[in-house]
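# Examination of the molecular architecture
Spelled out from the first residue to the last, the chains are:
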Amino acid sequence: MRNKTLWIATAMALALAVMAFSAGWLFGAGDRPRAPAAPAPALPVVAAADDLGPAGMQLDAIRRGVPIGREAVPPPLAKVDNADLKRERAYPMQPPTIPHSIDGYQVDKNSNRCMLCHARANAATFQAPPVSVTHYMDRDDQFLAAVSPRRYFCNQCHVVQTDARPLVGNAFEDVDRLLHPPAGD
Amino acid sequence: MWTRSKAILLSLWRTLRAPSVHYSLGFLTVAGFLAGIVFWGGFNTALEATNTEQFCTGCHEMRDNVFEELKGTIHYSNRSGVRATCPDCHVPHDWTDKIARKMQASKEVWGKLFGSIDTREKFLDHRLQLAMHEWTRLKANDSLECRNCHDYDSMDLTRQGSRAAQIHKRWLGTREKTCIDCHKGIAHRLPDMTGVPQG
């Protein structure tokens, strides 16, 4: 057998490898201290649904009562109310809120997406309420043909409403209610 | 120089005019057919390669201006992840129309080579003109590229906002208006729209 030496060498090398492997396995497994279980990450505190905090602590509404040392989970993004139903105004001069979503509406020097429907000339086409006549008046109460520059940026006064929970309490009273409080107040 | 090239051209012309001496008609037919397949495959592959967003945004004119603007819109990012790439809206999907548009695009290659809009300022200056091209095209083909995805017959108006449903039914349903009439600037910012009817 010509290759006898080779066979022996191979067998010895294999045996050595097996021994080295088992030794490594035994020592390695035995010596290595088990990694301490990572402390469970402190669960971020979800703000309770109804914690406006005690009275006088209302400014904490942004953290929703979560202690300063803990991380709060931000509330989910609020959904814009898109029902197209006109809302009550809280007082006679309140700019009406927008009853639809305005995602991606471009209102800048180049174009005004709102006026696509709410301009005087387009209101009939889209059956949208045209902006009131005050929007065409300059500060000297002169009527202009187009929307006055100071009224051009709709979002300065008109905003959408979302289903977000109010951050702070609100004790606002309607003027009618103030003038004619219901019996018992 | 001229005499030499003329001689070469003439001999080439004579060879082309002469009937084949060595190859049978059958061989020429089959070889021509196979070569045709290879050519056609190669042509279409190259054509489709120029019809990808990667190709379009390979030039900074597209990448830094219009593609950046697209990124913020619902045609790029939305809840379901279905999105439109550049050619979905800007290249007709039918083959003949596509070839016609691609031939037009040779003008855009010219513009690229000579830097017609190679700065932001030049782009803004030309923006209305560029947009007008697209609006005219979409108006002429009844917003075909919009309708490839947004089919009026498949629109469930009850799932739309009442405002949208009402307007779509009134103007789109009667075919009095087409998509681009109201939805200019749906995927890119609008240029100065003074005097341009919107809606």
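Residues numbered from 1 in each chain as written. Chains lettered and ligands numbered in written order. Predicted model: local features only at pLDDT ≥ 70, side-chain atom pairs only at ≥ 80, totals over all residues.

A word on the overall build of chain A. In terms of regular secondary structure, chain A is built from four helices and zero strands. Starting at the N terminus and ending at the C terminus, chain A contains elements arranged as α-α-α-α. Counting only residues that meet the buried cut, chain A has 6% of its 185 residues in that class. (Helix = DSSP H or I, 4+ residues; strand = E, 2+ residues; numbered from the N terminus. Buried ≥ 20, exposed ≤ 12 C-beta atoms within 10 Å, placed from the backbone.)

Within chain B, the regular secondary structure consists of 11 helices and zero strands. Taken from the N to the C terminus, the helices and strands of chain B come in the order α-α-α-α-α-α-α-α-α-α-α. The C-alpha radius of gyration computed for chain B amounts to 24 Å, which surpasses the reference 16 Å derived for 199 residues by more than 25%, pointing to a less compact arrangement than a globule. Residues counted as buried form 9% of the 199 residues belonging to chain B. (Rg over C-alpha atoms; globule rule 2.2 N^0.38 Å.)

The next thing to look at is helix 7 (residues 106-113) of chain B. The element helix 7 of chain B is barely covered by neighbouring structure, given that only zero of its eight residues are classed as buried. Looking one or two residues past helix 7 of chain B, G115 of chain B carries a phi angle of roughly 65 degrees, positive in sign.

Residue and element names in this part refer to chain B. Positive phi, normally seen in glycine, also occurs at D142, with a value near 55 degrees. Structurally, the position occupied by D142 is in the loop between helix 8 (120-140) and helix 9 (144-147). Notably, S143 is not glycine yet its phi reads approximately 55 degrees, a positive angle. Tracing the backbone shows S143 in the loop between helix 8 and helix 9. What makes S143 buried here is the crowd of 20 C-beta atoms within 10 Å.

Turning to the confidence of the model for chain B, a few remarks are in order. The share of residues in chain B with pLDDT of 70 or more is 100%, and the mean pLDDT across the chain is 92. Here helix 10 (residues 162-172) of chain B is the element of chain B with the lowest mean pLDDT, 91, and helix 2 (residues 25-49) of chain B is the one with the highest, 95. (pLDDT = per-residue confidence, 0-100.)

Turning our attention to the nonpolar core. Formed by C114, M115, L116, C117, A119 and C154 of chain A, the largest nonpolar core amounts to six residues. If sequence neighbours within four positions are ignored, L116 of chain A has contacts with N122 of chain A together with Q198 and G199 of chain B. (Core = buried A, V, L, I, M, F, W, Y, C linked by C-beta atoms within 7 Å. Contact = placed C-beta atoms within 7 Å.)

When pLDDT is averaged across chain A, the result is 81; 79% of the residues are at 70 or more. Across residues 47-57 of chain A, confidence stays below pLDDT 50; counting only partners more than four residues off in sequence or on other chains, it has 14 contacts.

Once that is clear, we can look at helix 2 of chain B. With 25 residues, helix 2 of chain B should reach 36 Å at 1.5 Å per residue; the first-to-last C-alpha distance of 36 Å fits that figure. When you tally the buried positions in helix 2 of chain B, you get zero out of 25 residues, a small fraction of the element. (Expected span 1.5 Å × (residues − 1).)

Before going further, it helps to examine the environment of L9 of chain B. All names here are of chain B. Looking at the element boundaries, L9 is found in helix 1 (residues 2-17). Overall, L9 belongs to the exposed group, with 10 C-beta atoms counted inside 10 Å. Sequence separation of L9 and N44 is 35 residues, and the distance between their C-alpha atoms is 31 Å.

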